[in-house]
Amino acid sequence: MSTTQTLARLKDLKLGGMAAALEHQQNQLGTYDELPFAERLELLLDREFQTREHRKQDRLVRQARFKLRASIQDIDYQHPRNLKKAQVAQLAQTDWLERGQNLLITGPCGSGKTYLGCALGNQACLNGLSTRYYRISRLLLELTQAKADGTYQKTLNQLAKVKLLILDDWGLEALKPAHRNDLMEIMDDRHGTHSTMIISQLPTDQWYAAIGDNTLADAILDRLMHNAHRWTLKGESMRKRLQEID
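Residues numbered from 1 in each chain as written. Predicted model: local features only at pLDDT ≥ 70, side-chain atom pairs only at ≥ 80, totals over all residues. Heavy atoms only, no water.

Looking at this structure, how should I read the overall build of the protein chain?
Scanning the protein chain for helices and strands turns up twelve helices and five strands. Here the protein chain holds 246 residues, and 44% of them are scored as buried. With the model as given, the accessible surface of the protein chain reaches about 14,100 Å², and the carbon-plus-sulfur share is 48%. (Helix = DSSP H or I, 4+ residues; strand = E, 2+ residues; numbered from the N terminus. Buried < 20%, exposed > 50% of the residue type's maximum accessible area, 1.4 Å probe, protein only. Areas by Shrake-Rupley, 256 points an atom, 1.4 Å probe, with all protein chains shown as cover.)

Structural data, given as structure tokens:
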């Protein structure tokens, strides 16, 4: 079989990484000729593995629908806002996600909460973990629509399987009774198995009142807070300070 036929066969088998690596080897005359067959094959397999990993990461990032393109490497530590590199480095690892722990990020408007949340979510995707970002008002609207078209349980099942669910703008709008029940279903499904990140301008001690029903507030917050990491950002709005610099 000729090299051209081999490349065509690899592509037919959806082994594009191996095909690209083989083409590279063929174009580097003399560079790989002295290597044993097993080593050359290992190089091809490594390229295929890397290609599939990158493809998976790209798919997870697209499915997450982050509000911001954010990365751990680009987090700003210059502005004093009670954020430490060691904290970020710890949560950039997947240990807390593997244990199904939660993360609560609070702080004033403009303190960088959403960027931080999206950066950690992006890192989870790079580590191969399914992630989904929602402004909570849009999630609740989606659930309302799902009830109308008969896909409510399917939607809940999909949310329950996401390794990291990020809910932004928690507590900004009053919850309807149906919305409280929706949140209870979500938290109950995820409790102890998968992680939820909450991003809110409200301090956690105001979340009870924001939910608006004593019984459901107890149940929802118990599932959210008992195993949660907590970050409270402080300081002036970063957007305001950047405008002043400009």
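Help me understand the nonpolar core in this model?
Ranked by internal contacts, the top residues of the largest apolar core, which has 30 residues, are Leu-143, Leu-167, Trp-170, Ile-198, Trp-207, Ile-220 and Leu-224. Those elements that provide at least two residues to this core are helix H7 (136-149), helix H8 (152-161), strand E3 (164-168), helix H9 (177-190), helix H10 (207-211) and helix H11 (214-225). Among the elements that line this core, the one with the most residues is H11, at seven residues. With near-sequence residues (within four places) excluded, Ile-198 lies in contact with Leu-103, Leu-104, Ile-105, Leu-167, Trp-170, Met-187, Trp-207 and Leu-224. Within the second largest apolar cluster, 28 residues are counted, among which are Ala-70, Ala-92, Ile-105 and Cys-118. (Core = buried A, V, L, I, M, F, W, Y, C linked by side-chain atoms within 4.5 Å. Contact = heavy atoms within 4.5 Å.)

What is the right way to read the sheet that holds strand E2 (residues 131-135) from this model?
To summarise the sheet geometry, strands pair through backbone hydrogen bonds and adopt either a parallel or an antiparallel arrangement. With respect to topology, five strands assemble into an open sheet ordered E2-E3-E4-E1-E5, the strand pairing being parallel. Pairing within the sheet leaves two strands with one partner each, and these edge strands are E2 and strand E5 (228-232). Going from strand to strand, the sheet's axes swing by 10° on average, the running direction of each strand aside. In this structure, strand E1 (residues 102-106) lies alongside E5, joined through five bridges in parallel fashion. Residue pairing for E5: Leu-104 is matched across the bridge by Arg-230. (Pairing = 2+ DSSP bridges. Axes fitted to C-alpha atoms, helices over the stretch in contact; angles between N-to-C directions.)

Quick question: what am I supposed to make of helix H3 (residues 37-64) here?
Count 3.6 residues to each turn of an α-helix, and residues three or four apart come out pointing the same way. For H3, with 28 residues, the first-to-last C-alpha span of 41 Å sits near the 40 Å given by 1.5 Å per residue. Looking at H3, one finds that the buried residues are Arg-40, Leu-44, Glu-48, Gln-57, Leu-60 and Ala-64. Within two residues after H3, Arg-65 carries a phi angle of roughly 55°, on the positive side. (Expected span 1.5 Å × (residues − 1).)

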